[in-house]
Amino acid sequence: MKTLTSCASGSPARLLSVAGYRGSRVVSNHEFCQWIDSSDEWIQQRTGITERRWATPDETVLQMAAAASRDAVQRAGISLDNIDALIVATVSHQQQSPALATALAAALGLSDVPAFDISAACAGFCYLIELARSLVASGAARHVLIAASERLSDMIDITDRSTAFLFGDGAGAAVVAAADTPGISPAVWGTTGTNVAAVGIEPWPDAVAKRQAFPHIVMDGAKVFRWAATEVAAKALEALVAANITVADLGVFIGHQANSRIIDAMLRRLALPDHVAVSRDIRIQGNTSAASIPIAMSAMLEDGSAHCGQLALLVGFGAGLSYATQVVTMP
Ligand SMILES: CC(C)(COP(=O)(O)OP(=O)(O)OC[C@H]1O[C@@H](n2cnc3c(N)ncnc32)[C@H](O)[C@@H]1OP(=O)(O)O)[C@@H](O)C(=O)NCCC(=O)NCCS
């Protein structure tokens, strides 16, 4: 099995663990179609989604992030005392300040560690991995806890048939640690500099003016689809070059779980061999933005479709338009 060679400067880093948390309410397409003019058949054909997971009122972004984080630390075989930094990705934390990461640190009993949020939407988890890898590479940290948590069911106009049925709730977390050999390649990451508003969340003042409880997700679905299937897929090919591997070396592909047809288009563009296990977690989870990749990764390890030590290509993309893609060794 191919391993990542020395593909970045500084101390090598790897994922020690990953964990996922799914909102506990299952919302089927049939249930959803009471709110929009659609059908189970249309949603399945156009997106691959059969059901999505939504959080109950008790499953806040904090509670879900804490549950995933505790599991990730436990699976890493370390204690919370070992954590040197905590970084959280979210677009659905309902408070501008303080950061969700500070509340998560308090909930976990962490003190005197840097704890801060990033906002990179559905690219968030891949951004977190790159940030954590960089902290380890620079020597600033040996163990970094990264977490992503989203309650997108709060942020949808449930009657909007062009967006509402896509989204779900959940969290994921991982521990990135110093290692003897590299287990994370340098990310190919960035923003396009165009189509900034193709997908995002409307401004709070607009939501207040419309007397909504929360701002809603708005997007030009076709535009996002085309960009992801072509330009982001090309970035994923660059990530393989940056990792000094080819598609033949991969064991796993985990794209952001936005639409099964986007995943299909990426597979065609990347020409992945048949032996590569591909996550289709969107089928039962919906799109959970930054949380989608760690939830999918954890599920593949749990159901045996992926194994520790395999090389996985991760591809995150979303609002901004932001993307990040890298190769990791499965924890
Ligand atoms: C939203 C998305 C599923 C729409 O699928 P699509 O195949 O592009 O569908 P279109 O918008 O072109 O609509 C096709 C037809 O289906 C209809 N339609 C749209 N939504 C529908 C729904 N929920 N149920 C039934 N029909 C629907 C349209 O009215 C249109 O009908 P027409 O051909 O008679 O005009 C798809 O564009 C998508 O997933 N885009 C990416 C979005 C995304 O990932 N966003 C987050 C990024 S992080």
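Only a predicted model underlies this, so the values are computations on that prediction, with no experimental measurement involved. (Residues numbered from 1 in each chain as written. Predicted model: local features only at pLDDT ≥ 70, side-chain atom pairs only at ≥ 80, totals over all residues. Heavy atoms only, no water.)

A. Highlighting unusual backbone geometry. Following Ser97, the chain continues to Pro98 via a peptide bond in cis, the omega torsion being 0°. Looking at the secondary structure, you find Pro98 in the loop between β4 (85–89) and α4 (100–108). Following Gly320, the chain continues to Leu321 via a peptide bond in cis, the omega torsion being -15°. Summarising the element assignment, Leu321 is placed in the loop between β13 (311–318) and β14 (322–329). Residue Asp112 is not a glycine yet carries a positive backbone phi of 60°. Looking at where Asp112 falls in the secondary structure, it is placed in the loop between α4 and β5 (115–118). Taking the relative accessible area as the measure of exposure, Asp112 reaches 81% and is therefore exposed. Despite not being glycine, Asn195 shows a phi value in the positive range, around 55°. Note that Asn195 resides in the loop between β8 (188–191) and β9 (199–201). (Helix = DSSP H or I, 4+ residues; strand = E, 2+ residues; numbered from the N terminus. Buried < 20%, exposed > 50% of the residue type's maximum accessible area, 1.4 Å probe, protein only.)

B. Quick look at the packing of helix α3 (residues 61–76) against α4. With their axes 10 Å apart at the nearest point, α3 and α4 run at an angle of 55° to one another. Our classification of the angle between α3 and α4 gives oblique. Every pair of crossing elements has a handedness; the one defined by α3 and α4 is right-handed. Seen from α3, the contacting residues are Val61, Leu62, Ala65, Ala66, Ser69 and Arg70; seen from α4, they are Leu100, Ala103, Leu104, Ala107 and Leu108. Residues of the contact of α3 with α4, tallied by class, amount to nine nonpolar, one polar and one charged. (Axes fitted to C-alpha atoms, helices over the stretch in contact; angles between N-to-C directions. Parallel < 35°, antiparallel > 145°, perpendicular 65-115°, else oblique. Left-handed = near helix turned anticlockwise from the far one by under 90°. Contact = heavy atoms within 4.5 Å. Nonpolar A, V, L, I, M, F, W, Y, C, P; charged D, E, K, R; others polar.)

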